[in-house]
Amino acid sequence: MKDLSRIALEVHASTTLQVDALYKKMKSEGIDVVGFAAGEPDFNTPSNIKEAAIKAINHNQTKYTPASGLLSLRQAVVNRLKADCNLDYTPEQIVVASGAKHNIYITLCSLINSGDEVILPAPYWVTYDEVIKMVGGIPVIINAKESDDFKINSKQLEANITDKTKLLILCNPSNPTGMLYSANELKALIDICIKHDLYIISDEIYYQFVYDNKKFTSVAALSEEAKERTIIINGVSKTYAMTGWRIGYSASNFTIAKTMGNYLSNSTSAPSTISQLAAEEALNGPQNSVYEMRDIFKERRDYIVNRINNIKDVSCSKPDGAFYVMLNIEKLIGRELGGRIINNSDDFAMAFLEKGLVATVSCIGFGCKDFIRLTYAASMEDIIKGMDRLEKFIGTKDK
Ligand code: PMP
Ligand code: GLU
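Residues numbered from 1 in each chain as written. Chains lettered and ligands numbered in written order. Predicted model: local features only at pLDDT ≥ 70, side-chain atom pairs only at ≥ 80, totals over all residues. Heavy atoms only, no water.

A. Representation of the layout of surface pockets in the model. Of the pockets and cavities examined, the largest pocket occupies roughly 440 Å³. In terms of lining, the largest pocket is formed by 25 residues, of which the most central are Leu 17, Gly 39, Lys 101, Trp 125 and Lys 238. Put simply, the parts of the chain that give the lining of the largest pocket at least two residues each are helix 2 (15-28) and helix 5 (100-111). At four residues, helix 2 tops the list of elements feeding residues into the lining of the largest pocket. Among the residues making up the lining of the largest pocket, the classes are represented as ten nonpolar, seven polar and eight charged. Estimated volume of the second largest pocket: approximately 370 Å³. Every residue lining the second largest pocket is counted, 18 residues in all, and those nearest its centre are Tyr 207, Lys 214, Lys 215, Phe 216 and Arg 294. Of all elements in the fold, only helix 4 (71-85) and helix 12 (288-308) reach the threshold of two or more residues within the lining of the second largest pocket. With three residues, the single largest contributor to the lining of the second largest pocket is helix 12. (1 Å grid on protein atoms, 1.4 Å probe; cavity = no way out; pocket = protein on both sides within 12 Å on 5 of 7 lines; lining within 4 Å. Points joined across faces, edges and corners; volume = space filled by probe spheres on them. Helix = DSSP H or I, 4+ residues; strand = E, 2+ residues; numbered from the N terminus. Nonpolar A, V, L, I, M, F, W, Y, C, P; charged D, E, K, R; others polar.)

This is the structure we're talking about:
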């Protein structure tokens, strides 16, 4: 038989989803494993949202919708972007897709020609790297250091721009680092993008989960020029604990939104009508559950950061937002743990899962070595258990 597509053969499965599947399998086999792998809120979807979905079914709202989403849902997105980020869009600029991951994919389909370069600060969420390659683009990685809070600056950005550069992908607050770019830091980056005529994909899916009264600013809110060249990616998965409902959305200029809509109308069409109506309730309805989740995530972050920094030979920086923490395991490289020599983060993650019974994600897939990503989107009980296991696995307690 003839070969599969050359591009397809280069695509790897998402590491986060792979580890999550392994964790869920172990759990279903009755193994007492703790899950710090996939970033998925452990809360239930709030009941007003579930009721909206049940109502949709009972009222036979079960037909196709416009490919870019129900007008009423796109209006709800517009209202939320105004209320939360002081952004002015119209429903024609909003595209609803089957999860924010899908919005990212169709954004790149709309922008990238084969050979175009896409600047990606590392550590990056694993999907960006794969999806850039899936559309024929070339990822250009800029390494951000832990000592710089895992953020890049305008000099690093400008040094990596060539005549092939098409766009910059930013995740703010970041998955996997949890770090937040301030308005001033964003402005410095955006000025460079404007100077070199680049687009910006700004993945703001964790925008509601920012702690310590730090202020989230959307890139698109910085100026009209910034807004015109920015594609905001967002969705209901994280903010409303709706990962399985598969609703993401984007906001962009009219031309990009229309092109993305064309992709949708010839591929998936719109997402499930029932999920769309649930998402509409999520965005329009009471927001108190979001703030309650944020407060709980903050408590968990404080606990996990404190525990990690009290274990010998590992450390982590305090993240500003999202629900991830980057465990620095540099000092463990070369040591034997769980019956295996730890040569890199993949070895650590595997040994910690097999022998420590804690599922985490190696950051090698995030373009960053000697770090492990842990999510604290897990119950406090599991976080305590997981930290006790980390202490035991490394074999030392006090610094
Ligand atoms: N962006 C980031 C940064 C993420 O961590 C995720 C993970 N779910 C997504 C986008 C995709 O979210 P979803 O497809 O569930 O809307
Ligand atoms: N985005 C989450 C994570 O990074 C969920 C898994 C995925 O979609 O990659 O863990």
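B. How the structure looks around the site of ligand 1. As a matter of local geometry, ligand 1 sits amid 13 residues, with Ala 100, Asn 175, Asp 203, Tyr 206 and Lys 238 nearest to it. In this structure, an oxygen atom belonging to ligand 1 sits 2.6 Å away from a side-chain N or O atom of Tyr 206. One of the side-chain nitrogen or oxygen atoms of Arg 246 is found 2.8 Å away from an oxygen atom of ligand 1. The fraction of the free accessible surface of ligand 1 (390 Å²) that becomes covered by protein chains is 93%. Taken atom by atom, the bulk of ligand 1 overlaps the largest pocket. Split into classes, the residues belonging to the shell around ligand 1 amount to six nonpolar, three polar and four charged. (Near = heavy atom within 4 Å. Polar contact = N/O pair within 3.5 Å; in protein donor to acceptor, adjacent residues only side chain to side chain. Areas by Shrake-Rupley, 256 points an atom, 1.4 Å probe, with all protein chains shown as cover. Sits in = over half its atoms within 2 Å of the grid points.)

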